[in-house]
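# Coordinates in review
These are the residues of each chain, in order.
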Amino acid sequence: MQAGSGKGDVQMKTHAIKLLKRLAAAVLFAPVLAMASTAMHLDKAPVSTDQQKLQRGAELFIKYCLNCHSASMVRYSELKKLGFDEKKITEELIYSGGKIGDLMTIAMTRDDAEAWFGTAPPDLSLMARAKGSEFGSGADYLYTYLRGFYKDENRPTGWNNKVFDNVGMPHALWDLQGEQPAEKYDEDVADLVSFMVWMGEPDSGSRKKIGIFVIIFLAGFYVLTHKLGKTYWKNTH
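Notes on the structure follow. This is a predicted model, so every value here is computed, not measured.

Further remarks concern the packing of helix α2 (residues 51-65) against helix α8 (residues 182-200). Interhelical geometry of α2 versus α8 gives an angle of 90 degrees and a closest axis separation of 7 Å. Between α2 and α8, the angle falls in the class roughly perpendicular. Of α8, the residues touching α2 (which contributes Lys53, Leu54, Arg56, Gly57, Ala58, Leu60, Phe61 and Cys65) are Lys184, Asp188, Asp191, Leu192, Ser194, Phe195, Met196, Trp198 and Met199. Tallied by class, the residues present in the contact of α2 with α8 amount to 10 nonpolar, two polar and five charged.

Moving on to the nonpolar core. With 45 residues, the main nonpolar core has Phe61, Leu79, Met196 and Met199 as its most contacted residues. Secondary structure elements with two or more residues in this core: α2, β1 (71-75), α3 (86-93), α5 (127-130), α6 (138-146) and α8. If you tally residues by element for this core, the top one is α8, at nine residues. Discounting chain neighbours no more than four positions away, the residues touching Phe61 are Leu66, Ala71, Met104, Leu124, Leu192, Phe195, Met196 and Met199.

Further remarks concern the pattern of salt bridges. A full pass over the atoms with the stated rule returns 11 salt bridges. For Glu78, the salt bridge identified is with Lys81, shortest N-O distance 2.7 Å. The class of Lys81 is partly exposed, set by a relative accessible area of 40%.

Turning next to unusual backbone geometry. The backbone of Asn166 shows a phi angle near 60 degrees, a positive value even though the residue is not glycine. Here Asn166 shows up in the loop between β4 (159-161) and α7 (174-178).

Parameters and conventions
- Within any chain, residue numbers begin from 1 and follow the written order of that chain's sequence.
- A pLDDT threshold of at least 70 governs which residues receive local features in this predicted model, and a stricter bar of 80 or more applies before side-chain atom pairs are shown or counted, although totals over entire chains, interfaces and linings include all residues.
- No hydrogens and no water enter the side-chain calculation; it runs on all heavy atoms of the structure.
- Lines fitted to C-alpha atoms define the axes, with helix axes restricted to the stretch in contact, and inter-axis angles between N-to-C directions lie between 0 and 180 degrees.
- Secondary structure elements are defined from DSSP: runs of H or I of at least 4 residues count as helices, runs of E of at least 2 residues count as strands, and each element is numbered from the N terminus.
- Working rule for angles: under 35 degrees goes down as roughly parallel, over 145 as roughly antiparallel, 65 to 115 as roughly perpendicular, anything else as oblique.
- Contacts are assigned to residue pairs with any non-hydrogen atoms lying within 4.5 Å of each other.
- All amino acids are sorted into three groups, where Ala, Val, Leu, Ile, Met, Phe, Trp, Tyr, Cys and Pro are nonpolar, Asp, Glu, Lys and Arg are charged, and the leftover types, Gly among them, are polar.
- To qualify as a nonpolar core, a set must consist of buried Ala, Val, Leu, Ile, Met, Phe, Trp, Tyr and Cys residues joined through side-chain atoms within 4.5 Å.
- Residue exposure (1.4 Å probe, protein chains only): buried if accessible area is under 20% of the type maximum, exposed if over 50%, otherwise partly exposed.
- In what follows, salt bridge is the name for a side-chain nitrogen of Lys or Arg lying within 4 Å of a carboxyl oxygen of Asp or Glu.

As structure tokens, then:
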């Protein structure tokens, strides 16, 4: 009896060790499996710095996005950097009758938005920068998201999204998508996303140009100081 009991204890201990190893493996690899199961495919956004495409993107943004979403970190006057003149901005792009120096805000208050939609639509000033992840850039996310709407009668808005499941936002560009070929719609979305990227840092073009000149200056300054140092110390031993 004692021998049999000892053998049974060993088997139980061995079985328990195996179970613990499996449990430990499950705990360790659970996050990896969860990430794999929620992996997001994002299409590469054809972001452009072409002025005409950015102007088109700005017009689309103001017409389709600036009704519910604000861009409170950008002023209408910044649009001059895209080649718009002041008359064009004030007469055709500012729908609320504001001034060119105003921020790109909306009339809807946060309380009203929460009452009507359940949550206030986010500000889009930095959205193209905020949505970057291991799956792609913020531009990739927006480009895939805006092209990922599909009809879903089970949703209150009648729409759902492949990137953001059960999204509360309706398909704001549905009429634009339905009036033209898919290729043209993709181009419009690319222009819109390009503008949102630009909006996140309107002075990025100037910053890059200044950065190039600074690097050239520092390189030239290094050469001059190096030669000066050699001349100064050549007779010193």
